[in-house]
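Coordinate analysis (summary)
Here's the letter readout for the chains.
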There are 2 protein chains.
Amino acid sequence: MFLGKRLKELREQKEFLQRQLAAKLEIDTPMYSKIERGERNAKREQVQKLSKIFEVEESELLTLWLAGKIYDLIKDESIAKSAIAIVQSHIHEF
Amino acid sequence: MFLGKRLKELREQKEFLQRQLAAKLEIDTPMYSKIERGERNAKREQVQKLSKIFEVEESELLTLWLAGKIYDLIKDESIAKSAIAIVQSHIHEF
DNA sequence: TTTTGACTTGTCTGTATTTGGCTAATTTAA
DNA sequence: TTAAATTAGCCAAATACAGACAAGTCAAAA
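Residues numbered from 1 in each chain as written. Chains lettered and ligands numbered in written order. Predicted model: local features only at pLDDT ≥ 70, side-chain atom pairs only at ≥ 80, totals over all residues. Heavy atoms only, no water.

Per an unreviewed UniProt entry, chain A goes by the name XRE family transcriptional regulator and belongs to Maribellus luteus.

Considerations on the nonpolar core
Grouped together as the largest cluster of nonpolar side chains are 59 residues, with contacts concentrated most on Tyr 32, Leu 50 and Leu 61 of chain A together with Leu 50 and Leu 61 of chain B. Excluding anything up to four places from it in sequence, Leu 50 of chain A contacts Leu 7, Leu 21, Leu 25, Tyr 32 and Leu 61 of chain A. (Core = buried A, V, L, I, M, F, W, Y, C linked by side-chain atoms within 4.5 Å. Buried < 20%, exposed > 50% of the residue type's maximum accessible area, 1.4 Å probe, protein only. Contact = heavy atoms within 4.5 Å.)

Quick word on the interface of chain A and chain B
Size of an interface, as often reported, equals the accessible area lost when the parts are brought together. In this complex, chain A contributes 29 residues to the contact, which on the side of chain B involves 29 residues. Taking both partners together, chain A and chain B bury about 2800 Å²; carbon and sulfur atoms supply 81% of that area. On the chain A side of the contact with chain B, Leu 66, Leu 73 and Val 87 of chain A bury the most area, a combined 19% of that side's loss. If you look at where chain A meets chain B, you find two salt bridges. We note a salt bridge from Arg 44 of chain B to Glu 77 of chain A, for which the minimum N-O separation is 2.8 Å. Linking chain A with chain B are three residue pairs in polar contact (both at pLDDT 80 or more). At the level of elements, helix H5 (58–74) and helix H6 (80–91) of chain A are the ones that each hand at least two residues to the side of chain A that touches chain B. Element by element, the count of residues in the side of chain A that touches chain B is highest for H5 of chain A, at twelve residues. Across the side of chain A that touches chain B, the residue classes tally to 18 nonpolar, six polar and five charged. (Buried area = accessible area lost by both parts, 1.4 Å probe. Salt bridge = Lys/Arg side-chain N within 4 Å of Asp/Glu carboxyl O. Polar contact = N/O pair within 3.5 Å; in protein donor to acceptor, adjacent residues only side chain to side chain. Helix = DSSP H or I, 4+ residues; strand = E, 2+ residues; numbered from the N terminus. Nonpolar A, V, L, I, M, F, W, Y, C, P; charged D, E, K, R; others polar.)

Notes on the packing of aromatic side chains
Residues and elements named next belong to chain A. Under the counting rule described, the total for this entry stands at four aromatic pairs over all chains. Judged by centre distance (6.0 Å) and plane angle (80°), the ring pair of Phe 2 and Tyr 71 falls under edge-to-face. Remark: Tyr 71 occurs in helix H5 and Phe 2 occurs in helix H1 (residues 2–14); sequence separation between them is 69 residues. On the basis of relative accessibility, which here comes to 14%, the residue Phe 2 falls in the buried class. (Phe/Tyr/Trp six-rings, centres within 6.5 Å; stacked < 30°, edge-to-face > 60°.)

Brief notes about the protein's contact with DNA strand D
Taken together, 18 residues form the shell around DNA strand D, and within it Arg 11, Arg 19, Ser 33 and Arg 37 of chain A together with Arg 40 of chain B come nearest. Near the protein, within 4 Å, the atoms of DNA strand D are sugar or phosphate in 56% of cases. The separation between a base oxygen of DNA strand D and a polar side-chain atom of Lys 34 of chain A is 2.9 Å. Within the residue set of the surface near DNA strand D, elements represented by two or more residues are helix H2 (18–25) and helix H3 (29–37) of chain A together with helix H3 (29–37) of chain B. The greatest single-element share of the surface near DNA strand D, amounting to four residues, is contributed by H3 of chain A. Within the surface near DNA strand D, the residues separate by chemical class into five nonpolar, four polar and nine charged. (Near = heavy atom within 4 Å.)

Observations regarding the relation of the copies chain A and chain B
Between chain A and chain B, which share one sequence, the superposing operator has a rotation angle of 180° and an axial displacement of 0.0 Å; the RMSD is 0.0 Å. Taken together, the rotation and translation relating the two chain copies correspond to the operation of a two-fold axis. No C-alpha of chain A lies nearer the rotation axis than that of Ile 70 of chain A, which sits 3.2 Å from it. A shared binding surface is used by both copies, with 100% of the interface residues of chain A retained as interface residues in chain B. (Least-squares fit on C-alpha atoms with pLDDT ≥ 70 in both.)

Quick look at the protein's contact with DNA strand C
In the vicinity of DNA strand C lie 17 residues, with Arg 11, Arg 19, Ser 33, Lys 34 and Arg 37 of chain B positioned nearest. Taking all atoms of DNA strand C within 4 Å of the protein, the share assigned to sugar and phosphate is 49%. With respect to DNA strand C, the side chain of Lys 34 of chain B contributes an N or O atom lying 2.6 Å from a base oxygen. Taken together, the elements giving at least two residues each to the surface near DNA strand C come down to H3 of chain A together with helix H2 (18–25) and H3 of chain B. A breakdown of the residues in the surface near DNA strand C according to their chemical character gives five nonpolar, three polar and nine charged.

Pasting the structure below:
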């Protein structure tokens, strides 16, 4: 999973323990572990907190987080590519 | 919304009433109305039923349905484009 | 101008999914 | 072999959502 992989990188780089991050997010360690492995989805506010803790751009982590949510939606769909193409053609309006 | 717009087209083309389709899906008319206007999400099985009723390819409607779900996820996100780009680069593995 | 029929709006509720906590098991490091 | 860190599994609380129902709008017909 996109976000989890990056969180693990950052955590190891900064030499934090899962339980320390869990404490900062006010969840228990197993829960943090699940987020890191992509077994559970983080909430938006948690991602925002994590970007502060790790001192990276909020948009970096939020992008990975959103990508993961999209991926969960389409991962078992054979029509995934065409659905994404439709969305893209309507996104240019932003 | 993608699916709703197409459903309305098909319904008008075949001259069905909302209440007839609602009956076939075993939901009430307001519910069908909401699906058509994109105020509510159809379930996968409903989309499949509708493709049979309207005699169109199941994949056509399912693609629109999935596109709508993706769109709901990203519509308020400024980072939508980059998140989609990430997903796309990982989708080529199918 | 009433009535009728098609569709929409708003609200409520039961169900299903999500989120998080707890305990136990497993892995890793010393 | 311990001790610490991480993961797995299960249960309860919180949340989201499909669907029902009642009441509304808007046409066109009577």
